[in-house]
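# Chains, contacts and geometry: an overview
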Amino acid sequence: MKNKFILSALLAFTFLSVKAQQYMTKTGTVKFFSHTTLEDIKAENRKVVSVLDSKTGIMEFTMLMKGFDFPNDLMEQHFNESYAESSKFPKANFKGTITDVAKINFAKDGTYTVNYTGKLTLKDVTKDITGTATFVVKGGSATATSKIKVKPSDYNFKIPATAVGKISDEMEVDIIMDYKKK
Amino acid sequence: MKKKIALLFVLILVIAVAALIYVKFAYFTEGHKDPLKSEDKINITAKKLFSLYSQYEDSANKMYLDSVISVSGNIQNIELNQDRYTITLNSEDSSGAVICEMDVKDNEKMKQLKKGIYINLVGYCNGILIDVQLDRCKLAD
């Protein structure tokens, strides 16, 4: 039910806001990387849905946890079944605002660095996130990139005793959104 | 008796080493199961798959999530994203579609495809956001 509410809100944000300029992608990417001396783990989800209001700076993205692509089936199975519990918590969501969106001239090709703040929800746990993003505007489209750090323990990711030491306490997360004007 | 114990010890050691090598191999070797080789494919049209997901997400997840789906429909869009093709199959519903991320091994075949043609893709179902999402898809003959 909560997932349907989030999606409805996303759709409403996407389709009902007629005055502001909307940018959207269905092929955004979120990658994470965990490094320890015992093991490196990386995965990426290339089907992240995101919308951005270029006037207000309000942005949101949502993704399916099962959409993370690992180098092999076993890693993916461990992630979905043991850590992320993806069947129980199928979606992750970020809602935030670019606080200085006016710095971006979406009509002029260029590179712009902006700040954002928002809330990331994973496994029904919501935490505040702040960061900087780089927008590359080219030909009316905009590619936004940002790096954040996420602690799995903050979001109730259960690390089994056998995997302690193999999974970093803090994951590096890369966000790449290839926005196109709606 | 000592000889038997020594033999048993060696046998256990060999099994343990073999198990360790197997786990390491499975964990660190890149690769996934080929969906085309699955014997449990579920055949469905893009129209029906999207319709079921958009109306009954929980039930559809129970039936299709993680399953190998053989989905057919008309190509609505073909997009190249970070060296991977994404094919959108028309669901005949303006609110969403079936979006299939293709296996990079099929990149050459993708160049032959055009919007509007009817195709059959086989891949793993991830669930629904705006569109139903499938990944590691391959073009079925």
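Residues numbered from 1 in each chain as written. Chains lettered and ligands numbered in written order. Predicted model: local features only at pLDDT ≥ 70, side-chain atom pairs only at ≥ 80, totals over all residues. Heavy atoms only, no water.

### Focus on the sheet that holds strand β8 (residues 171-181) of chain A
Residues and elements named next belong to chain A. Which entries qualify depends on this criterion: Here, any two strands with at least 2 DSSP bridges between them count as paired. What counts as a helix is a DSSP run of H or I of at least four residues, what counts as a strand is a run of E of at least two, and both are numbered from the N terminus. Fitted lines through C-alpha atoms give the axes, limited to the stretch in contact for helices. The angle between two N-to-C directions lies from 0 to 180 degrees.
Spatial strand order, β1-β2-β3-β4-β5-β6-β7-β8: 8 strands in a closed barrel with antiparallel pairing. Geometrically, the sheet is characterised by an average inter-axis angle of 25 degrees between neighbouring strands, direction not taken into account. Note that strand β5 (residues 110-122) and strand β6 (residues 125-138) share 13 bridges and pair antiparallel. Along β6, the bridge assignment pairs T113 with T134.

### Some points on the confidence of the model for chain B
Note the cut-off: Note on scores: pLDDT gives the predictor's confidence for each residue, bounded by 0 and 100.
Confidence in the prediction for chain B averages 89 pLDDT; 90% of positions are at 70 or higher. At the level of chain-chain contacts, confidence expressed as ipTM amounts to 0.80, with global pTM at 0.82.

### Re the packing of aromatic side chains
Residue and element names in this part refer to chain A. How we decide: Aromatic rings from Phe, Tyr and Trp, taking only the six-membered ring of Trp, are treated as a pair when their centres fall within 6.5 Å; an angle between ring planes under 30 degrees marks them as stacked, one over 60 as edge-to-face, and anything in between as tilted. Three exposure classes are used, based on accessible area relative to the maximum for each residue type with a 1.4 Å probe and protein chains only: buried under 20%, partly exposed in between, and exposed over 50%.
The full count for this structure, using the stated rule, is 12 aromatic pairs over all chains. When the centroid spacing of 6.5 Å and the interplanar angle of 40 degrees are considered together, the rings of F79 and F157 count as tilted. Highlighted residues: F79 in helix α2 (residues 73-83) and F157 in the loop between β7 (141-150) and β8, separated in sequence by 78 residues. Relative to Y179, the ring of F135 has its centre 6.4 Å away and its plane inclined at 5 degrees; by these criteria the two rings are stacked. Placement of F135 in strand β6 and of Y179 in strand β8 is noted, with a sequence separation of 44 residues between them. Comparing F135 with Y179, the two get one shared label, buried.

### Digging into empty space enclosed by the protein
Residue and element names in this part refer to chain A. Going by this rule: Using only the protein atoms, space was sampled on a 1 Å grid; points where a 1.4 Å probe fits but cannot get out form cavities, open sets with protein on both sides within 12 Å along at least five of seven lines form pockets, and lining residues are those with an atom within 4 Å of a point. Grid points are joined across faces, edges and corners, and a volume is the space filled by probe spheres set on the points. Each residue gets one label: Ala, Val, Leu, Ile, Met, Phe, Trp, Tyr, Cys and Pro are nonpolar, Asp, Glu, Lys and Arg are charged, and the others, such as Gly, are polar.
Counting across every chain of the model gives 2 cavities of 30 Å³ or more. A volume near 370 Å³ is recorded for the largest cavity. F32, F79, L122, F157 and M171 are the residues nearest the centre of the largest cavity, which is lined by 25 residues in total. In terms of residue class, the lining of the largest cavity is made up of 24 nonpolar, no polar and 1 charged. Of the pockets and cavities examined, the second largest cavity occupies roughly 150 Å³. Lining the second largest cavity we find 16 residues, and of these M59, F61, Y116, S146 and I175 sit closest to its centre. Here the residues of the lining of the second largest cavity are counted per class, giving 14 nonpolar, 2 polar and no charged.

### Let's talk about the nonpolar core
For the record, the criterion: By nonpolar core is meant a set of buried Ala, Val, Leu, Ile, Met, Phe, Trp, Tyr and Cys residues that side-chain atoms within 4.5 Å join together. For this analysis, residues touch if any pair of their heavy atoms sits within 4.5 Å.
Formed by 46 residues in total, the largest nonpolar core has its most connected members in A:V30, A:F32, A:F68 and A:F135. Discounting chain neighbours no more than four positions away, the residues touching A:V30 are A:A43, A:E44, A:N45, A:V48, A:F61, A:M63, A:F68, A:V173, A:D174, A:I175 and A:M177. In terms of nonpolar packing, the next biggest core, distinct from the first, is built from 28 residues, B:L49, B:Y53, B:V71 and B:I119 among them.

### Here we look at the layout of surface pockets
Summary: where empty space remains is shown by rolling a probe the size of a single water molecule over the atoms. Reported here for the largest pocket is a volume of approximately 620 Å³. Lining the largest pocket we find 28 residues, and of these A:D69, A:F70, A:P71, B:H32 and B:R84 sit closest to its centre. Residue assignment for the lining of the largest pocket shows that the elements contributing at least two residues are β1 (22-35), β2 (40-53) and β8 of chain A together with β4 (98-102) and β6 (132-139) of chain B. Considering every element that reaches the lining of the largest pocket, the biggest residue donor is β2(A), with 4 residues. Considering only residue class, the lining of the largest pocket consists of 8 nonpolar, 2 polar and 18 charged.

### A word on the side chain of B:T86
Take B:T86: it is sitting in strand β3 (residues 84-89). Contacts of B:T86, omitting those with residues within four sequence positions, involve B:N77, B:I78, B:E79, B:I99, B:C100 and B:E101.

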